[in-house]
Amino acid sequence: MGQPDFQHVVRLVDIEKSYGNVRALSDINFSVGRNEIVGLIGDNGAGKSTLIKIMTGVDKPTAGELYIRDRKVDWNDYSVGKAHELRFETVYQEKSLGEKQPLWRNFFVGRQITNRLGFIDVKRQKAIADDILLNQIGFRGAGINADSAVAQLSGGERQGVAIGRAMHFDADLIVLDEPTVALAISEVRKVLDFVRGIKESGRACVYIEHNLAHVHELADRLVVLDRGAIVAEIGRGEMTLIELTNFLIELQQHRPADAAAKRASTPS
Amino acid sequence: MSALSKALPRIEGVAIISVFVAIVLVFMVLAPNVFLGIRIYMSFLTSVPPVLVLALGLTMVIAAGEIDLSFPSVIAFSGFIFAFLFKTYELTWLAVIGALAGGALVGFVNGVLVARIGVPSIIATLATQFFWGGITTVVSGGLSYNIRAVKDEAIWHVFVGRIGLLPVQALWASALAILIWFILNRHRFGEHLLFIGDNANVARVVGINVDRERIKLFVLMGVLAAFAAVLLTLENKNFFNTQGQGFLLIALASVFIGGTSIFGGQATVVGSFFGAFIIGMIEAGLVASGIQGFWVRAVVGLVFLGAVIFHLRMERVNASGSFAKFFGRG
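Predicted, not measured: the structure shown is a model, and the values here were computed from it.

Cut-offs applied
- Residues numbered from 1 in each chain as written.
- Chains lettered and ligands numbered in written order.
- Predicted model: local features only at pLDDT ≥ 70, side-chain atom pairs only at ≥ 80, totals over all residues.
- Helix = DSSP H or I, 4+ residues; strand = E, 2+ residues; numbered from the N terminus.
- Buried ≥ 20, exposed ≤ 12 C-beta atoms within 10 Å, placed from the backbone.
- Contact = placed C-beta atoms within 7 Å.
- Rg over C-alpha atoms; globule rule 2.2 N^0.38 Å.
- Pairing = 2+ DSSP bridges.
- Axes fitted to C-alpha atoms, helices over the stretch in contact; angles between N-to-C directions.
- pLDDT = per-residue confidence, 0-100.
- Expected span 1.5 Å × (residues − 1).
- Core = buried A, V, L, I, M, F, W, Y, C linked by C-beta atoms within 7 Å.
- Left-handed = near helix turned anticlockwise from the far one by under 90°.
- Nonpolar A, V, L, I, M, F, W, Y, C, P; charged D, E, K, R; others polar.

## Some words on the overall build of chain A
Secondary structure summary: chain A contains nine helices and 10 strands in total. In terms of its C-alpha atoms, chain A occupies a principal-axis envelope of roughly 70 × 40 × 40 Å. Across the 268 residues in chain A, those meeting the buried criterion constitute 40%. Pairs at least 24 apart in sequence give 68% of the contacts found in chain A among residues at least 6 apart.

Here is the structure:
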């Protein structure tokens, strides 16, 4: 693979997003270099999910610009399908797979292998799905095949399927939305290994994670979101895990509402 | 062996076909002089096709986690369009196209209400059922249209003629059943419906245009209901403005007896096919067995409810089975 002639695989400029009167994001300037792992951290409701939904074409922002591989993208042309075409893949916590549907449908839904009339080549999809399960994800002897329904899978297996799907479609940018939530420890390791694999294969990754130890260990750069705004960017090695933890606790304590509550409870 | 010939018997239909055969046998014992002759079966093949066509559309609607209650009014509305165009302008093929277009319009309005405006489909289509039913009564003046002359036209023979004893509408309905099976199970559109019915948020993040697919779905349902109206009106050689009444229960019952999940995301066209014939047979069989006619609806209602409860239980058993598997593996 030759050197790609771009600096950032994705860049968001001055993004704003409001839902009615509620402002979910403001002044967001966010970029991901090629082959960079960016950890996105922040509390529930800080706007992480909204940000990646905008980045991957699920939602449109109220204002702002999007550049993919340094070229400006028109929001009207941007959609999940378009993001897939541009080789962006997203692994959501639990919302990536159709529960009652077999795996061969889940691998290809949204970009089925079809003939000209739109009829699906089931045989080929199943063969490829079985191949992914066996060789990319390594579900050997687990009793899982292309015909298994997602409902029969454990949480880790589901992430494996979603990640395997992203790998199969050869993404340049993989967005992981809390992929280790609700996983057993042994399964968490597998997911973390995969994130390393993303880096090694020359791809970029946006990694949303609650567990600071995981994200601190893996990310090249951390971006901290708080109440819809980016409040800090921390490069690899700038902070130890403990410093990072303290920094985030500090951040929370400086929230106006929290500070007011604190004053009220400690009248000194 | 193709995947199709393996999947068809294993996943779909074995249970429902057994039930179907059992019911035929029961009626053969209860009313042998009726059920051992061929005439009753030819009568089913005349009366069931409109119900079957409706059930096919509803199978897709319910697969997508939606419901359509407006189709009885499409039976009236599109039937009126057809009868009016035939009677007034002597149109035949164009009258069919007009009727289908009327169904598409009803479906499109339903689709926009559900997908774009966000009205739950049960409410939206309940309202449009009243609306289009009312419109039909107004424009028809509450009159019925006798179109006996249609029997001399080519379309009558094409849609509801007889090949020997066999009613042609049965061939149309069966061909449609095969087509809908392929659309639901093998086409991109059907897969999108299953994912939407499974979880609309998942459907969105995997790149399905949920709103557009929902509108397409309701348009398809409207067109199918209109086609059922054409078959019914041609067979009766008559239009009357309450001709849609009575289809609501039996068309929905066909789908649910067949085993399509009331929660969406899972549907069986084979089930709906036999479900429609089971309903038709229960109706005819009860009458032939000497039970008074007014009991029929009550029995169909009970069978409907029983089938839904049975399938609910089955889904729960399946779910707990997979949980056991999950723990067993861990």
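## Quick notes on the overall build of chain B
Helices and strands together make up the secondary structure of chain B, namely 15 helices and four strands. In terms of overall dimensions, chain B is globule-like: its C-alpha atoms have a radius of gyration of 20 Å, near the 20 Å expected for 330 residues. Reported as C-alpha extents along the three principal axes, the dimensions of chain B are approximately 70 × 55 × 40 Å. Classification of the 330 residues of chain B by burial places 49% in the buried group. Of the contacts formed within chain B by residues at least 6 apart in sequence, a portion of 77% connects residues at least 24 apart.

## Structural notes on the sheet that holds strand S4 (residues 63-68) of chain A
All names here are of chain A. Strand order in the open sheet formed by four strands is S2-S1-S4-S5, and the pairing between neighbours is antiparallel. Whereas interior strands pair on both sides, the edge strands pair on one side only; in this sheet they are strand S2 (22-33) and strand S5 (71-73). Averaged over all pairs of adjacent strands, the angle between their axes in this sheet comes to 25°, without regard to strand direction. Pairing of strand S1 (residues 8-19) with S2, which is carried by eight bridges, proceeds in the antiparallel orientation. Bridge assignment links Ile15 to a residue of S2, and that residue is Ile28.

## Some remarks on the interface of chain B and chain A
If you look at the interface, chain B gives 24 residues, while chain A gives 27 residues. Elements represented by at least two residues in the side of chain B that touches chain A include exactly helix H9 (168-186), helix H10 (188-198), helix H11 (200-205) and helix H15 (296-329) of chain B. Among the elements that make up the side of chain B that touches chain A, the one with the highest residue count is H10(B) (six residues).

## What about the sheet that holds strand S8 (residues 204-208) of chain A?
Residues and elements named next belong to chain A. With mixed pairing, the six strands of this open sheet are ordered in space as S6-S7-S8-S3-S9-S10. Each of the sheet's edge strands pairs with one partner strand only, and the pair in question is strand S6 (88-91) and strand S10 (229-235). The average undirected angle you get between the axes of adjacent strands in this sheet is 15°. Pairing between strand S7 (residues 173-177) and S8: five bridges, direction parallel. Across the sheet, the residue bridging to Leu173 is Ala204, located in S8.

## Topic: the confidence of the model for chain A
Averaged over all residues, the pLDDT of chain A equals 85, while 91% of them reach at least 70. Mean pLDDT across the elements of chain A ranges from a minimum in helix H9 (residues 256-265) of chain A, with 52, to a maximum in helix H3 (residues 103-108) of chain A, with 94.

## Considerations on the environment of Ser73(B)
By the secondary structure assignment, Ser73(B) is in helix H5 (residues 71-89). Separated by 172 residues in sequence, Ser73(B) and Gln245(B) have C-alpha atoms that sit 8.0 Å apart.

## Section: the environment of Glu153(B)
Residue and element names in this part refer to chain B. Within the secondary structure, Glu153 sits in the loop between strand S1 (145-146) and helix H8 (154-160). With 17 C-beta atoms packed within 10 Å, Glu153 lands in the partly exposed category. The spatial distance from the C-alpha of Glu153 to the C-alpha of Trp93 is 9.9 Å, given a sequence separation of 60 residues.

## Thoughts on helix H5 (residues 155-168) of chain A
Residue and element names in this part refer to chain A. Between its first and last C-alpha, H5 extends 20 Å over 14 residues, near the 20 Å set by a 1.5 Å rise per residue. A large share of H5 lies buried, amounting to 10 of its 14 residues. All of the buried residues along H5 are Glu157, Arg158, Gln159, Gly160, Val161, Ala162, Ile163, Gly164, Arg165 and Ala166. Packed against the buried residues of H5 are S6, H3, helix H4 (122-136), S7 and helix H6 (185-200). Asp170 sits one or two residues past H5 and shows a positive phi near 55°.

## Topic: the nonpolar core
Formed by 167 residues in total, the largest nonpolar core has its most connected members in Tyr207(A) and Leu54(B). Ranked by residues supplied to this core, first place goes to helix H12 (residues 210-236) of chain B with 17 residues. Non-local contacts of Leu54(B), meaning those with residues more than four positions away in its chain, are made with Phe71(B), Leu224(B), Ala225(B), Ala228(B), Phe247(B) and Ala251(B).

## What about the environment of Ile234(A)?
All names here are of chain A. Residue placement: Ile234 occurs in strand S10. According to the C-beta neighbour criterion, Ile234 is partly exposed, with 18 such atoms within 10 Å. Placed 79 residues apart in sequence, Ile234 and Gly155 show a C-alpha to C-alpha distance of 31 Å. Once residues within four sequence positions are removed from consideration, Ile234 is found in contact with Arg221, Leu222, Met239 and Leu244.

## Some remarks on unusual backbone geometry
Residues and elements named next belong to chain A. In this model, Asp14 sits at a positive phi of 50°, which is unusual for a non-glycine residue. Structurally, Asp14 can be placed in strand S1. For Asp14, a count of 12 C-beta atoms within 10 Å puts it in the exposed group. The phi torsion at Asp27 lies on the positive side, around 50°, for a residue other than glycine. Note that Asp27 resides in strand S2.

## Looking at the pairing of S1(A)
In terms of strand pairing, S1(A) meets S4(A) through five bridges, oriented antiparallel. Its bridge partner being in S4(A), Val13(A) is matched across the sheet by Glu65(A).

## Points about the packing of helix H6 (residues 93-116) of chain B against H12(B)
Residues and elements named next belong to chain B. Contact geometry of H6 with H12 gives a least axis separation of 7 Å together with a crossing angle of 150°. Of the two possible hands of crossing, H6 and H12 adopt the one that is right-handed. Of the residues assigned to the contact of H6 with H12, the class counts are 21 nonpolar, six polar and three charged.

## Remarks on the confidence of the model for chain B
All names here are of chain B. Averaged over all residues, the pLDDT of chain B is 90; the fraction at 70 or higher stands at 92%. H6 holds the highest mean pLDDT among the elements of chain B, 98, whereas helix H1 (residues 3-11) holds the lowest, 48. Both confidence scores are given for the complex: pTM 0.84, ipTM 0.84.

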